[in-house]
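Residue-level listing of the chains:
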Amino acid sequence: MLNAKKIVVGITGGIAAYKTILLIRLLKKANAEVRVVMTPAAEAFVTPLTLQAISGNAVATSLLDPQAELAMGHIELAKWADMVVIAPATADFIARLRVGMGNDLLSTLCLATSAPIFIAPAMNQQMYKRSITQQNLQNLVNEQGVLCIEPESGEQACGDTGVGRMAEPETIFEFLTDYVKTAQDLQNITVTITAGPTQEAIDPVRYISNHSSGKMGFAIAKAFAERGAKVNLIAGAVKLDTPQNVKRFDTLSAIAMEQKALELAQQSDIFIGCAAVADYRVKEVATQKIKKTDDSDEMTLTLVKNPDIISNVAHLAQNRPFVVGFAAETQDLQKYAKSKLQRKNLDLICANDVSNGQVFNSDQNCLHLFSQKSDKILPLADKSKLAQTLVNEIIKLYKEKQ
Ligand code: PMT
């Protein structure tokens, strides 16, 4: 289950740090790629050299180490990770994580990652029982989606007996494996997603397009793929890396995108139109570069309507998938989104406010979802997190319709 998974193991300053060596060995045995990040306090319990030998990679210890940043900067490391596992997680680290501090490499990495974060708390039983620690843990788990591998009860290194011993490495390993297993719950689903802008040629060197970056659509593709779905991603003019386990088809014009969309939609359970498709294209594309003329200050291009890709998918008489559209609006968001939901025959529409240059090419978005029966707001969040929540909503409605 953990084969080829990229796992950051964070170690904070607790005596249980010695057990993390065994956890790393288990992860390596399962063919996971492991990179270790230590807080300064952790170095008092285990040495970076030991962890380097066990993990097979250099250990990162400091946010301000130019050498380490050169090798793999903290943002790069945060993006690299499929999972971040903090074992042991001390009371101090848990408190810092809760309030979003970035005062060492590990806490900064946690802020910068969109990967799931797991913590294995380890501390004195009184510290664990303390109401502030419990509040911090509850906030992390309930509000911030952090996954907690509960500590065990027993005799502690300090001589006390109670709850606070870090879960055994085998238990942590099993927790991670189970997470990945259940995270693969969409293996029987095929999804086709369009993303990014189309480019409509004017002549061999010019085109009509828009500001879409593809980030929203790519994030949705990644979120589906992480849950085991088979994902087709039809990209317009997008310069982003293809998410893992996603089949990408590059297109430029609306006509080319429509052709691929109609072909793949009929083999899909769900179709999501996140692309910003140009509504019009130039009627006659010049075969040579259009020259500037001296006799007029104006130039006229005749445009014709492009096919409405999502509407054509949603009106398929046979093999129609569950269809999710987007609505990019600068005014009257609800009114226009609801009318597109009906007119295009969609099952769900995700409306976003794109006035004032928001959303396009931004890393964050918020969505107002409208289905035939209900509506729901998904508040402002990183597009990767938002995509994960959106996948849950889509799957819920898709299952209700079956
Ligand atoms: O790519 P990013 O920078 O991350 O930005 C994300 C986004 C703003 C592009 C995205 O969130 C979004 O709103 N995508 C839809 C943009 C759009 O074209 O909206 P629309 O309201 O014009 O179109 C409504 C729906 O019809 C969309 O699902 C669109 O894909 C589809 N459409 C539109 C025209 C057309 N000819 N064919 C279509 O399929």
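Residues numbered from 1 in each chain as written. Predicted model: local features only at pLDDT ≥ 70, side-chain atom pairs only at ≥ 80, totals over all residues. Heavy atoms only, no water.

Draft legend 1. Layout of the overall build of the protein chain. Secondary structure summary: the protein chain contains 14 helices and 19 strands in total. Out of the 402 residues belonging to the protein chain, those deemed buried represent 48%. In the protein chain, once contacts between residues fewer than 6 apart in sequence are set aside, the share between residues at least 24 apart is 67%. With the model as given, the accessible surface of the protein chain reaches about 20,200 Å², and the carbon-plus-sulfur share is 50%. (Helix = DSSP H or I, 4+ residues; strand = E, 2+ residues; numbered from the N terminus. Buried < 20%, exposed > 50% of the residue type's maximum accessible area, 1.4 Å probe, protein only. Contact = heavy atoms within 4.5 Å. Areas by Shrake-Rupley, 256 points an atom, 1.4 Å probe, with all protein chains shown as cover.)

Draft legend 2. Structural context of helix α9 (residues 169–183). For α9, spanning 15 residues, the distance from its first C-alpha to its last is 21 Å, which sits close to the expected 21 Å at 1.5 Å a residue. Buried positions along α9 lie against α1 (17–29), β3 (83–89), β4 (117–121) and α10 (215–226). (Expected span 1.5 Å × (residues − 1).)

Draft legend 3. Examining the UniProt feature "domain: Flavoprotein" (unreviewed entry) in the protein chain more closely. UniProt records the feature "domain: Flavoprotein" (unreviewed entry) for residues 5–178 in the present numbering. Secondary structure across residues 5–178 comprises 46% helix and 20% strand; the distance between its end C-alpha atoms is 14 Å. (UniProt positions renumbered as here; feature names shortened; annotations may be inferred.)

Draft legend 4. Inspection of helix α6 (residues 105–112) at higher detail. Most of α6 sits out of view: six of its eight residues are buried. Within α6, the full set of buried residues consists of Leu105, Leu106, Ser107, Thr108, Leu109 and Cys110. For α6, the secondary structure elements touched by its buried residues are β1 (6–11), β2 (33–38), α4 (74–80), β3, α5 (91–99) and β4.

Draft legend 5. Molecular detail of the site of the ligand. With respect to spatial proximity, 27 residues lie near the ligand, and among them Ser213, Gly273, Lys340, Asn352 and Asn361 are the closest. Note that a nitrogen atom of the ligand is positioned 3.1 Å from one of the backbone N or O atoms of isoleucine 309. Between lysine 340 and the ligand, the recorded distance is 2.5 Å, taken from a side-chain N or O atom to an oxygen atom. In isolation the ligand offers 780 Å² of accessible surface; the protein chains occlude 95% of this area. Of all elements in the fold, only α10, α12 (309–314) and β16 (322–329) reach the threshold of two or more residues within the shell around the ligand. (Near = heavy atom within 4 Å. Polar contact = N/O pair within 3.5 Å; in protein donor to acceptor, adjacent residues only side chain to side chain.)

Draft legend 6. Region of interest: empty space enclosed by the protein. Scanning all chains against the criterion turns up one cavity of 30 Å³ or more. Approximately 40 Å³ is the volume attributed to the largest cavity. Lining the largest cavity we find Ala60, Ser62, Ala68, Glu69, Met72, Gly73, His74, Leu77 and Leu105. Counting residues per element, the ones that place at least two in the lining of the largest cavity are α3 (66–72) and α4. (1 Å grid on protein atoms, 1.4 Å probe; cavity = no way out; pocket = protein on both sides within 12 Å on 5 of 7 lines; lining within 4 Å. Points joined across faces, edges and corners; volume = space filled by probe spheres on them.)

Draft legend 7. View of the domain arrangement of the protein chain. Structurally, the protein chain comprises domain 1 (6–182) and domain 2 (190–401). For domain 1 versus domain 2, the distance between C-alpha centres works out to 39 Å. (Domains from an automatic or database assignment.)

Draft legend 8. Just the layout of surface pockets, in detail. Taken as a whole, the second largest pocket spans an internal volume of roughly 950 Å³. Lining the second largest pocket are 42 residues; nearest its centre among them are Ala275, Ala276, Val277, Phe326 and Ala328. Elements with a minimum of two residues in the lining of the second largest pocket: α10, β13 (270–273), α12, β16, α13 (333–343) and β17 (348–353). Per element, the largest residue contribution to the lining of the second largest pocket is four residues, and it comes from β16. Broken down by class, the residue content of the lining of the second largest pocket amounts to 20 nonpolar, 14 polar and eight charged. (Nonpolar A, V, L, I, M, F, W, Y, C, P; charged D, E, K, R; others polar.)

Draft legend 9. Here's a closer look at the state of the cysteines. Under the criterion given, the structure shown has zero disulfides. Unpaired in this structure, cysteine 158 has its nearest cysteine sulfur neighbour in cysteine 148, at a distance of 19 Å. (Disulfide = S-S within 2.5 Å.)

Draft legend 10. View of the side chain of serine 55. Looking at the secondary structure, you find serine 55 in helix α2 (residues 48–55). In this view, serine 55 contacts Ile24, Lys28, Val34 and Val36; residues no more than four positions away in its chain are not counted.

Draft legend 11. Fine view of the sheet that holds strand β8 (residues 190–195). Pairing in this open sheet of eight strands is mixed, and the strands run β12-β11-β8-β13-β16-β17-β18-β19 from one edge to the other. A single partner strand is all that each edge strand has here, and the edge strands are β12 (246–250) and β19 (375–382). Strand after strand, the sheet turns through a mean of 20° between neighbouring axes, direction not considered. Examined bridge by bridge, β17 and strand β18 (residues 364–371) share four bridges and lie antiparallel to one another. Bridge pairing in β18 links leucine 348 to serine 371. (Pairing = 2+ DSSP bridges. Axes fitted to C-alpha atoms, helices over the stretch in contact; angles between N-to-C directions.)

Draft legend 12. Summary view of the pattern of salt bridges. Across all of its chains, the model carries 18 salt bridges by this definition. Measuring nitrogen to oxygen at the nearest pair gives 3.1 Å for the salt bridge that ties arginine 96 to aspartate 92. In this pair, arginine 96 and aspartate 92 are both assigned in helix α5, four residues apart and thus about one turn of the helix distant. Taking relative accessible area as the criterion, arginine 96 reaches 11% and is therefore assigned buried. Residues lysine 344 and aspartate 308 are paired through a salt bridge, measuring 2.7 Å at the closest nitrogen-oxygen approach. Linking lysine 344 in the loop between α13 and β17 with aspartate 308 in the loop between β15 (303–305) and α12, this pair joins segments that are 36 residues apart in sequence. For lysine 344, a relative accessible area of 15% puts it in the buried group. (Salt bridge = Lys/Arg side-chain N within 4 Å of Asp/Glu carboxyl O.)

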